[in-house]
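Analysis of the macromolecular model
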Amino acid sequence: LIQLAIPLNFIGFLYREIRQGLADIEAMFTLLAVPAEITDKPGAPDLAVKTGVIRFEDVAFHYDHDRPILRGISFEVPAGATVAIVGPSGAGKSTISRLLFRFYDATSGRVTIDGQDLRDVTQASVRAAIGMVPQDTVLFNETIAYNIRYGRPDASDEEVREAARMAQIGDFIASLPKGFDTEVGERGLKLSGGEKQRVAIARTILKAPPILILDEATSALDTHTEREIQSALDQVSRNRTTLVIAHRLSTVVNARIILVLEKGRIVERGTHAELLAMDGLYASMWARQQEASEAEERLRAATADE
Ligand code: ATP
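To start, this report covers the structure provided alongside it. All values derive from a computational prediction rather than experimental measurement. (Residues numbered from 1 in each chain as written. Predicted model: local features only at pLDDT ≥ 70, side-chain atom pairs only at ≥ 80, totals over all residues.)

**Quick look at the sheet that holds strand β10 (residues 265-270)**
Worth spelling out the cut-off: Strand pairing requires that DSSP identify at least two bridges connecting the strands. Only DSSP runs of H or I covering at least 4 residues are called helices, and only runs of E covering at least 2 are called strands; the numbering of each starts at the N terminus. The axes used here are C-alpha line fits, helices contributing only the stretch in contact, and every angle between their N-to-C directions lies in the interval 0 to 180 degrees. In this description, a residue-residue contact is defined by the distance between C-beta atoms placed from the backbone, which must lie within 7 Å.
In spatial order, the strands read β6-β7-β8-β3-β9-β10; together these six strands make up an open sheet with mixed pairing. Edge positions in the open sheet fall to β6 (130-133) and β10, since each of these has one partner strand only. The mean inter-strand angle of the sheet, taken between neighbouring strand axes irrespective of direction, is 20°. Pairing of strand β3 (residues 82-86) with strand β8 (residues 241-245), which is carried by four bridges, proceeds in the parallel orientation. By the bridge assignment, threonine 82 is partnered in β8 with threonine 242. Where helix α7 (residues 193-207) meets the sheet, it contacts β6 and β7 (211-215), and its direction lies at approximately 170° from that of β6. Here helix α8 (residues 223-237) sits on the sheet and contacts β3, β7 and β8; the angle it forms with β7, its principal contact strand, is near 160°.

Here it is in structure tokens:
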């Protein structure tokens, strides 16, 4: 029996490895839709992050030749500050985050971190310096602990627990019968969009990168979940250079600068108060969102009365 058990064990091991390998590849393809033409220059050095200043200098970009997506994009995110990008759907917000993560290179102009053009340094070092919390997090078909530890594979159990607590998902995990050993994904527990995002935040807290890209979920979350996620995001972005792609204006009120993007151009920029005073696109987007959330409140109050 022992003779049989060893090969069986080995087959089990192989199966797990292959399955994980496939899950990793699948997740990577979904996460990193990396075009093949992005390659490192021969002998390119690694990015050396000092304080983490991000600069876009007159950046233009198109995916397809006949359709410009970004034009004349210039802005700076000072070290440790948060800059938010808002604007209508399709304006090019996520494209800016993809250029910063070097999924693509700018068609013209340049993107730098601490003065280094991203095209001159290795892609791997750019990605190691940036924590990305995407709109839709892809989780591995593995345990919650595995999914969080992915941010830093040598993290201790205690560090994984602490990251989960800071990401406001600790209590939820504690309420599961198998806790951190709960399998998630396809064959495991299906997590809601908000729960998945908090797992991604915990992962990023463990990675502790100097620069962050937060691509806010477009899906509507209830007010309570939204508040929890916001406080998790505030934790992770404190003292880190952060670029937030925001869909809900309530989350950007405190940003150092808000860039308003429309059809691939920055049409307004300033603090929340400055933008309201301009009475332009931002002010009208703000008024519309206020109306929508007031209507939602009235609806909730009416249903509660029934
Ligand atoms: P949303 O708020 O809806 O997420 P967004 O402002 O983030 O929108 P982007 O995702 O940056 O907008 O898209 C900007 C434009 O680029 C869109 O018109 C989109 O169709 C186009 N686009 C995005 N990804 C690609 C791609 N891989 N290939 C070709 N065009 C693309």
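**Concerning the environment of glycine 80**
Tracing the sequence through the fold places glycine 80 in the loop between β2 (67-77) and β3. In this structure, the C-alpha to C-alpha distance between glycine 80 and proline 210, residues 130 residues apart in sequence, is 8.3 Å. Ignoring any residue separated from it by four or fewer positions in sequence, one finds glycine 80 in contact with Asn239, Arg240 and Thr241.

**Quick look at the site of the ligand**
Here is the rule: We count a residue as near a molecule or strand when its backbone-placed C-beta atom lies within 6 Å of that partner. Note on residue classes: Ala, Val, Leu, Ile, Met, Phe, Trp, Tyr, Cys and Pro are nonpolar, Asp, Glu, Lys and Arg are charged, and everything else, Gly too, is polar.
Around the ligand, the neighbouring residues are Tyr63, Asp64, Ile69, Gly87, Ser89, Gly90, Ala91, Gly92, Lys93, Ser94 and Thr95. Those elements giving two or more residues to the shell around the ligand turn out to be β1 (54-64) and α2 (93-100). Ranked by the residues each element gives to the shell around the ligand, the list is headed by α2, at three residues. Its residues assigned to classes, the shell around the ligand shows three nonpolar, six polar and two charged.

**Focus on the packing of helix α5 (residues 157-166) against α7**
How two helices pack is summed up by the angle between their axes together with the distance between the axes. Here is the rule we go by: Our angle categories are set so that under 35 degrees counts as roughly parallel, over 145 as roughly antiparallel, 65 to 115 as roughly perpendicular, and the remainder as oblique. Crossing handedness is defined as follows: a turn of the near helix away from the far one that is anticlockwise and smaller than a right angle gives a left-handed crossing, while the clockwise case is right-handed.
Across the interface, α5 lies against α7 with an axial gap of 8 Å and an inter-helix angle of 125°. Accordingly, the angle class assigned to the pair α5 and α7 is oblique. For the pair α5 and α7, the sense of crossing is right-handed. For the pair α5 and α7, contact is made by Glu159, Val160, Ala163, Ala164 and Met166 and by Ala202, Ile205 and Leu206, respectively.

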